[in-house]
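Close look at the chain arrangement
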Amino acid sequence: MFITIEGIDGAGLSTQSGLLNEYLLKKGKKTLLTKEPTNSLIGGLVKAALKKEWSTNNIALQTLLVADRAHHLASEIEPVLKKNVIVICDRYILSSIAYGSLDIPLQHLKQLNSIFRKPDITILLDAHPKIALERIKTSRYSVELFETEQHLTQVRKNYLSLKNFFSNTYVIDANNPADQVFKDILKAVEKKIY
Ligand SMILES: Nc1ncnc2c1ncn2[C@@H]1O[C@H](COP(=O)(O)OP(=O)(O)OP(=O)(O)O)[C@@H](O)[C@H]1O
Ligand SMILES: [Mg+2]
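Residues numbered from 1 in each chain as written. Chains lettered and ligands numbered in written order. Predicted model: local features only at pLDDT ≥ 70, side-chain atom pairs only at ≥ 80, totals over all residues. Heavy atoms only, no water.

**So, the overall build of the chain**
- The helix and strand tally for the chain stands at 8 helices and 5 strands.
- Along the chain, helices and strands appear, N-terminal first, in the series β-α-β-α-α-β-α-α-β-α-α-β-α.
- Structurally, the chain occupies a C-alpha span of about 45 × 35 × 30 Å along its principal axes.
- For the chain, buried positions account for 47% of its 194 residues.
- Sequence-distant contacts in the chain: of pairs separated by 6 or more residues, those separated by 24 or more amount to 78%.
- Surface exposure of the chain reaches about 9900 Å², of which carbon and sulfur atoms provide 54%.
- Charge separation in the chain, taken as the distance between the mean sites of 26 positive and 20 negative side-chain charges, equals 5 Å. (Helix = DSSP H or I, 4+ residues; strand = E, 2+ residues; numbered from the N terminus. Buried < 20%, exposed > 50% of the residue type's maximum accessible area, 1.4 Å probe, protein only. Contact = heavy atoms within 4.5 Å. Areas by Shrake-Rupley, 256 points an atom, 1.4 Å probe, with all protein chains shown as cover. Lys, Arg positive; Asp, Glu negative; His and termini not counted. Charge placed at Lys NZ, Arg CZ, Asp CG, Glu CD.)

Quick look at the structure:
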């Protein structure tokens, strides 16, 4: 079972990924909690570009994200899925497409990502950009590329327009307190996790 958590920055992706992981561990499941961009060399290049430590163009950034994903799947995700581990991935293909399609044609991004495993469950955390930005400002030292209200408003729209891209996608209201958001996630997906 491959579960991905998606949504704009500050929607609470890492918080909810962690809560879901704890919940499943308590139920005696084996899990892998992981994240994209990854901590590999390729993921490091992506993260450094997002923090403006170096600059490249968007097509190079998307290509790096795809390379990072290919490596992530092959080296970490696929091997454990074979052992019936539940994988929770904090950001996946929808994030690349929702952010990337600000600058790159949607069809091209979809094609770049078409070879990858589809998630069994996608949890799309939908938060208002104002609320998400407030959370980012109080939790982080730096605000990254794309993190203005105007950008996040467009990215949020992009995510919502992708809600039928993968089957079993659940849009969850992420403006509520974290424990309520988690209850809503469980209500949507609990019966589907085995
Ligand atoms: N539902 C919530 N209500 C209020 N605060 C929240 C909620 N969810 C997360 N937070 C807080 O907001 C901050 C950002 O949360 P989190 O790191 O989970 O977001 P994220 O979507 O993973 O963001 P990032 O873009 O940084 O990866 C943290 O300080 C977290 O404790
Ligand atoms: Mg996060």
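And the narrative resumes.
**Side note on the site of ligand 1**
- The environment of ligand 1 is made up of 14 residues, and the closest members are Gly12, Leu13, Thr15, Arg140 and Asn176.
- Within the side chain of Thr15, a nitrogen or oxygen atom sits 2.5 Å from an oxygen atom of ligand 1.
- For ligand 1, a nitrogen atom lies 2.7 Å from a polar atom in the backbone of Asn176.
- Its free accessible area being 620 Å², ligand 1 has 71% of it covered by the protein chains.
- Within the residue set of the shell around ligand 1, elements represented by two or more residues are helix H1 (13-26) and helix H6 (129-139).
- In terms of residue class, the shell around ligand 1 is built from 4 nonpolar, 6 polar and 4 charged. (Near = heavy atom within 4 Å. Polar contact = N/O pair within 3.5 Å; in protein donor to acceptor, adjacent residues only side chain to side chain. Nonpolar A, V, L, I, M, F, W, Y, C, P; charged D, E, K, R; others polar.)

**Observations regarding the sheet that holds strand S5 (residues 169-173)**
- Ordered in space as S2-S3-S1-S4-S5, the 5 strands form an open sheet in which the pairing is parallel. Of all the strands in the sheet, the pair left with one neighbour each is strand S2 (31-35) and S5. In this sheet, neighbouring strand axes are inclined to one another by 20° on average, regardless of whether the strands run parallel or antiparallel.
- Judged from the 4 bridges that link them, strand S1 (residues 2-7) and strand S3 (residues 86-90) form a sheet pairing that is parallel. Its bridge partner being in S3, Thr4 is matched across the sheet by Cys89. (Pairing = 2+ DSSP bridges. Axes fitted to C-alpha atoms, helices over the stretch in contact; angles between N-to-C directions.)

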